[in-house]
Amino acid sequence: MAMADNGRVVCKCTARRSFCFRELTFDEKPNLRNHLRNVSTVPLFRNGLITRCPSVAGNSILSMDARENSRSTILPSSRHQRVPIYVMMPVDAFCIDGSGRPKIRKIKALTVALRALKLAGVHGIAVEVWWGIVERSSPLAYDWSLYEELFKLVSKSELKLHVALSFHSNMNSSSSKKGGVSLPLWIIEIGDHNKHIYYHDQNGLSNDDYLTLGVDHVPLFCGRTAVQCYEDFMLSFVKKFESFIGGVIEEISVGLGPSGELRYPAHPFGDGRWNFPGIGEFQCYDKYMMDDLKMAACKEGKPQWGDRGPQNAGGYNSLPSGVPFFEEGEESFLSDYGCFFLEWYSGRLLHHADDILAKAAKILRKYQENKKTSILLVAKIGGIFWWYQTAAHPAELTAGYYNTALRDGYEPVASILSRHGAALHFSCLEMMDTDNPASYLCSPEGLRQQIWTASKKRIIHLIGRNTNERFDRVGLWQIHANCHHSQAEAVRSFTYFRMNDKIFRAENWNNFVPFVRKMSTNW
């Protein structure tokens, strides 16, 4: 790459190839103070919900029942259904050697570990396929050598694969940056000259874990848009590993945001800005998102609403109490402006998922239609469970889930996944409400129930995952209970997060093996 006179990055790269590849009419403002601590008594208006604000950008995604064309099939219902276990690869499994080429670390130890997991009854391995490794140095120059070696090793161990196509970085979330993978170097170079390809918060601080969805359709990346970069990567992957798809590779998760999850980086972990249980901050201040907000506000007839996001929504580590936007009042999330902004903010996230999943579904369609193969498209969402027992659900709102005591924010997400035949990958399956201080008003149980209801309505598969590392018998059996919920469909598979040395310690292994066998059989 080279710098042009105007300061822009000029890319010396191949040109892009052509591939065939609601209105809650408040006559009187509802008094929500009494619901802030016990929202379980507040009904969720899932059907026919009316919102105060008229249609805004992205609203067509929220009401797609009439044009939805789900490719999902009827889910089998059985409390005792077998749930295959995938174990995610260690966070430091890969490294870049002195010559700049990726390699598998401790391959002999990994080989032994894979054999042990197979003997324990584990069904497969979950592998993050990093954009920052494969397309590391220059655009459209894909190096799949690391994954060729790894997939052959997994296949030789007679294990299956859940592949997570990862378009994010984990540099900030990796412990002491150990084993961290950045975005591709050529993307970072572009970002060095244009920080607005990343999400920004209200103070102008950027998050370089994932490209802002504001550049999804802006050709800033050597003539390609972000969505075209993702599409090209997916096409190259499928072409390279076609012989594995439907045989060894049974599930393909497509990254949609930070940590691969469909959300905004409202709670950045590892850089010191946010600590649990802070409500987080809205991430809409890059120039591309702000331009879109301005257009949406003008379309709404309220151009003054497009100048900035909510200015009374606190900071990363604020608690809901005393933050006007998340309380009752004329300038709250219930106001005309609050409704407009949240519809736009969540709507852009839904469009982002719709655009990428549409590309992925088209690429995988021929494999899904082939009766000899079996491949499941998967999309991950975040498990934002803190402050769930408040009316505003502030931590979910900043993450992009327009979910409140008066509005179901997960049914629209499930609707998009249903349109593209994708399963929903959800975490927190080891957690109970009592695991956190009562003052944080957490409810992973309530969140799970809401996700189960939305997935059942839209007839989509659920993929489970734990959030916190658990080796104890109580935690593992809680996962089993939640995977076989008495009032919900059993999850299709479960991803254990993640493989490390501790799992093989005798005291932990003696709990883990019975757990795997109970999940993987009908007894």
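The rules behind these values
- Residues numbered from 1 in each chain as written.
- Predicted model: local features only at pLDDT ≥ 70, side-chain atom pairs only at ≥ 80, totals over all residues.
- Heavy atoms only, no water.
- UniProt positions renumbered as here; feature names shortened; annotations may be inferred.
- Helix = DSSP H or I, 4+ residues; strand = E, 2+ residues; numbered from the N terminus.
- Buried < 20%, exposed > 50% of the residue type's maximum accessible area, 1.4 Å probe, protein only.
- Pairing = 2+ DSSP bridges.
- pLDDT = per-residue confidence, 0-100.
- Contact = heavy atoms within 4.5 Å.
- Phe/Tyr/Trp six-rings, centres within 6.5 Å; stacked < 30°, edge-to-face > 60°.
- Lys NZ or Arg CZ within 6 Å of the ring centre and 35° of its normal.
- Axes fitted to C-alpha atoms, helices over the stretch in contact; angles between N-to-C directions.
- Parallel < 35°, antiparallel > 145°, perpendicular 65-115°, else oblique.
- Left-handed = near helix turned anticlockwise from the far one by under 90°.
- Nonpolar A, V, L, I, M, F, W, Y, C, P; charged D, E, K, R; others polar.

The name given to the chain in an unreviewed UniProt entry is Beta-amylase, with the source organism recorded as Prunus persica. In its Catalytic activity (unreviewed entry) section, UniProt records this for the chain: "Hydrolysis of (1->4)-alpha-D-glucosidic linkages in polysaccharides so as to remove successive maltose units from the non-reducing ends of the chains."

Helix and strand counts for the chain stand at 13 helices and 15 strands. Scored against the burial criterion, the 523 residues of the chain give a buried share of 58%.

It is worth spelling out the pairing of strand β7 (residues 160-166) at this point. Of all 7 residues making up β7, 6 are buried, and the element is well covered by its neighbours. Relative to β7, strand β6 (residues 124-130) runs parallel, the two sharing 7 bridges. Paired with I125 across the strands is L161, a residue of β7. Where β7 and strand β10 (residues 249-254) come together, 5 bridges link them in parallel fashion. Pairing of L161 across the sheet is with I249, part of β10.

Turning our eyes to something else, we now look at the confidence of the model for the chain. Per-residue confidence for the chain averages 86 on the pLDDT scale, and 82% of its residues sit at or above 70. Confidence over residues 1-79 falls short of pLDDT 50; this stretch has 179 contacts with residues more than four positions distant or in other chains.

Remark: the centre distance and the inter-plane angle together describe each pair of aromatic rings, the angle taken between the planes. Inspection of the entire model under this criterion finds 45 aromatic pairs. A ring pair is formed by W131 and W186, whose centres lie 6.4 Å apart and whose planes are at 85°; its orientation type is edge-to-face. Of this pair, W131 sits in helix α3 (residues 131-134) while W186 sits in helix α5 (residues 185-193), and the two are 55 residues apart along the sequence. Each member of the pair, W131 together with W186, is buried. Taken together, a centroid distance of 5.7 Å and an interplanar angle of 90° make the contact between W144 and F241 edge-to-face. You can see W144 sitting in the loop between α3 and α4 (145-156) and its partner F241 sitting in the loop between α6 (226-240) and β10, a full 97 residues away along the chain. In this structure, R465 is placed above the aromatic ring of F497, and the distance from its NZ or CZ to the ring centre is 4.6 Å. R473 extends its terminal NZ or CZ atom over the ring of W477, reaching a point 4.6 Å from the ring centre.

Counting buried residues in β10 gives 6 out of 6 residues, a clear majority hidden from the surface. Pairing between β10 and strand β12 (residues 376-381): 3 bridges, direction parallel. Within β12, the residue paired with I252 across the bridge is L377.

Our next topic: the packing of helix α7 (residues 287-299) against helix α8 (residues 336-369). It is the contact of α7 with α8, at a shortest axis distance of 11 Å, that shows an interaxial angle of 130°. Classified by the interaxial angle, the pair formed by α7 and α8 is oblique. Seen from above, α7 lies across α8 with right-handed handedness. Between α7 and α8, the contacting residues are M289, D292, L293, A296 and A297 on the first element and F340, F341, W344 and R348 on the second. Here the residues of the contact of α7 with α8 are counted per class, giving 7 nonpolar, no polar and 2 charged.

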